[in-house]
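Observations on the three-dimensional arrangement
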Amino acid sequence: MKRVSFYTLGCKLNYSETSSISRLFEQNGYKKVDFEEGADIYIINTCSVTEHADKKCRKIVREAQRIAGNPYIIIIGCYAQLKPAEIAEIPGVDLVLGASEKFRIMEYLDGLEKKCKPGIFASPISEARTFHDAYSLNDRTRTFLKIQDGCDYSCSFCTIPLARGGSRSNSIDQVVASAREIAASGIREIVLTGVNTGDFGSRDGFRESRFIDLVRELDEIDGNVRFRISSIEPNLLSDELIEVIAGSGKFVPHFHIPLQSGSNKILKMMRRRYQRELYAERVNNIKSALPRACIGADVIVGFPGESESDFLDTHAFITDLEISYLHVFPYSERSNTQAMTLDGSVPGKVRQYRSEVLRNLSSKKRRKFYEDNLGMTAEVLFESDIEDGMIAGFTENYIRAEAKYDPVLLNEIRKVRLIGINNKGLAEIREAGEVGEINSSLPELHQL
């Protein structure tokens, strides 16, 4: 039996696709093993959002060779679509598959014979028009369910439309069927994911469906399962959708809403489809409907033309917003994007400094969010993250909690009360049942 191992870089969408492809191999008689065990085949699912992801792909190839000697190595994902010839030059790579080819991977194995030159199969991205159903399973307690792929937006910094093609979606009926199958397997949380999740739209027979229609259908599913939205653009997060989620018994009060900049000047240069006033309105509406909701944001710093004044505008804007945490990224130049042609490049050291400033602000925001929840009850789903005798999980509003490991807790949702924050920066949580005090990790403040 041939052994196959997978390594995934990048987003939740990549994780869902890796899991589905791994099941395809298992159905064809391959044995899935952990990366460090040594495999006959290594499949690396790549990201290309930043230059760092490209470099990491090369490092993983070298590590697979160190562990397994001379394995058959296949590269798929966004990097494979964008730069297949570049990947083929990496020593040890045997096969490169683009966006249209990766779900037909079994057709390209060709006996797994290592040849003088790698096989490259990457059709023009315009041919990536088919939606491929995918979800992660048996990897962790929560599942990432792919509902949408590709993007029709043209943000000036982004290569995703070049790597994944135009927006396309699953049908509501198929998403609901997958969700029921996942719930029946015992999974307790399903994360809806896509490139532009809120752009979900499908035709079921003669019925046109929107994301809000999908949310309503999923809310009616039987079983003890909850839903989380991975990310949604502010211009697609309507008041109607917020109202539906606020009244839902299945969807948790957690929104991750990309911001990218708090400067309208920079947002316009980024070709985003909103200005900061709309973003602030969305945050205020969420907090009005769901006061305990967790709201996260993506922010890019050091975009071409971002002055110190622009950055300070972003910092002040975020400071005043009731958001709970940030994902901060220093701008990274990407080939074939409009941003590459813009003047006003920001030095790397300035980008890093601004990143640290916002990460520090994020730590303070998260701490404040935890403090605002003290005295409240919450429901923690304990997952398979076990380290140093502790088991970890998240509340419905995305507060990370850990308790002394007890196998009974695994994949269980327990009601807890947040009772304080100790001197280690941990929020103390007490369960109403037998577990006792549960500690919830807070990230340390980043020092400048």
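Heads up: the structure comes first, above all this text.
Everything quoted here is computed from the prediction, not taken from an experiment. Counting from 1, residues in each chain are numbered in the order their sequence is written. In keeping with the model being predicted, local features are shown solely for residues with a pLDDT of at least 70 and side-chain atom pairs are shown and tallied solely at 80 or more, while totals for entire chains, interfaces and linings include all residues. The side-chain quantities take in all heavy atoms of the structure and omit both hydrogens and water.

Right, let's talk about the sheet that holds strand β14 (residues 226-229) for a bit. Strand order in the open sheet made by the four strands is β7-β8-β11-β14, with mixed pairing throughout. The sheet is open, and its two borders are formed by β7 (134-135) and β14, each paired with just one other strand. Inspection of the sheet shows strand β11 (residues 189-193) paired to β14 by four bridges, in the parallel sense. Bridged to Glu 189 within β14 is Arg 226. In this scheme, strands are said to pair when DSSP sees at least two bridges between them. Secondary structure elements are taken from DSSP: a helix is a run of H or I of four residues or more, a strand is a run of E of two residues or more, and numbering for both begins at the N terminus.

A few words on the pattern of salt bridges. Every case where a carboxyl oxygen of Asp or Glu lies within 4 Å of a side-chain nitrogen of Lys or Arg is listed as a salt bridge. In this structure the tally under the stated criterion is 25 salt bridges. Put simply, Glu 63 and Arg 66 hold a salt bridge, and the shortest N to O gap is 2.6 Å. Here the residue Glu 63 and the residue Arg 66 both occupy positions in helix α2 (residues 51-68), the gap between them amounting to three residues, near one helical turn. You can call Arg 66 exposed: its relative accessible area is 58%. Through salt bridges that share partners, Glu 17, Lys 102, Lys 146, Asp 149, Arg 164 and Arg 168 make up one connected network. Partly exposed residues are those whose accessible area sits between 20% and 50% of the maximum for their type, while under 20% is buried and over 50% is exposed, using a 1.4 Å probe and protein chains only.

The next subject is the sheet that holds strand β17 (residues 325-330). As summarised here, the arrangement of the three strands in space is β15-β16-β17, forming an open sheet in which the pairing is parallel. The sheet is open, and its two edges are formed by β15 (254-256) and β17, each paired on a single side. Averaged over all pairs of adjacent strands, the angle between strand axes in this sheet comes to 15 degrees, irrespective of strand direction. Two elements, strand β16 (residues 294-301) and β17, share six bridges in a ladder whose sense is parallel. The residue of β17 that forms the bridge with Ala 297 is Leu 326. The strands that helix α10 (residues 276-289) touches are β15 and β16; relative to β16, the one it contacts most, it runs at about 165 degrees. An axis is simply a line fitted to the C-alpha atoms; with a helix, the fit covers only the stretch in contact. Between two such axes, the angle follows the N-to-C directions and lies from 0 to 180 degrees. Residues count as neighbours in contact if any of their non-hydrogen atoms are within 4.5 Å of one another.

Another aspect to go through is the pairing of β11. Taken across its five residues, β11 has five buried, putting it largely inside the fold. A two-sided burial pattern is seen for β11, the buried positions comprising Glu 189, Val 191 and Thr 193 on one face and Ile 190 and Leu 192 on the other. Relative to β11, strand β8 (residues 142-146) runs parallel, the two being bridged by five bridges. In the sheet register, Lys 146 faces β11, and the bridge partner there is Thr 193.

For β8, a buried count of five out of five residues is recorded, marking the element as mostly surrounded by other parts of the structure. Pairing of β7 with β8, which is carried by two bridges, proceeds in the antiparallel orientation. Paired with Tyr 135 across the bridge in β8 is Leu 145.

Take the nonpolar core next. Residues belong to a common nonpolar core when they are buried Ala, Val, Leu, Ile, Met, Phe, Trp, Tyr or Cys residues joined through side-chain atoms within 4.5 Å. Residues Leu 145, Leu 192, Phe 211, Leu 218, Phe 227 and Tyr 279 are the most contacted members of the largest nonpolar core, which totals 55 residues. Here the element with the most residues in this core is helix α6 (residues 172-184); it accounts for six residues. With sequence-adjacent residues up to four places away left out, Tyr 279 is seen in contact with Pro 234, Ile 257, Pro 258, Leu 259, Tyr 274, Gly 296, Ala 297, Phe 317 and Leu 321.

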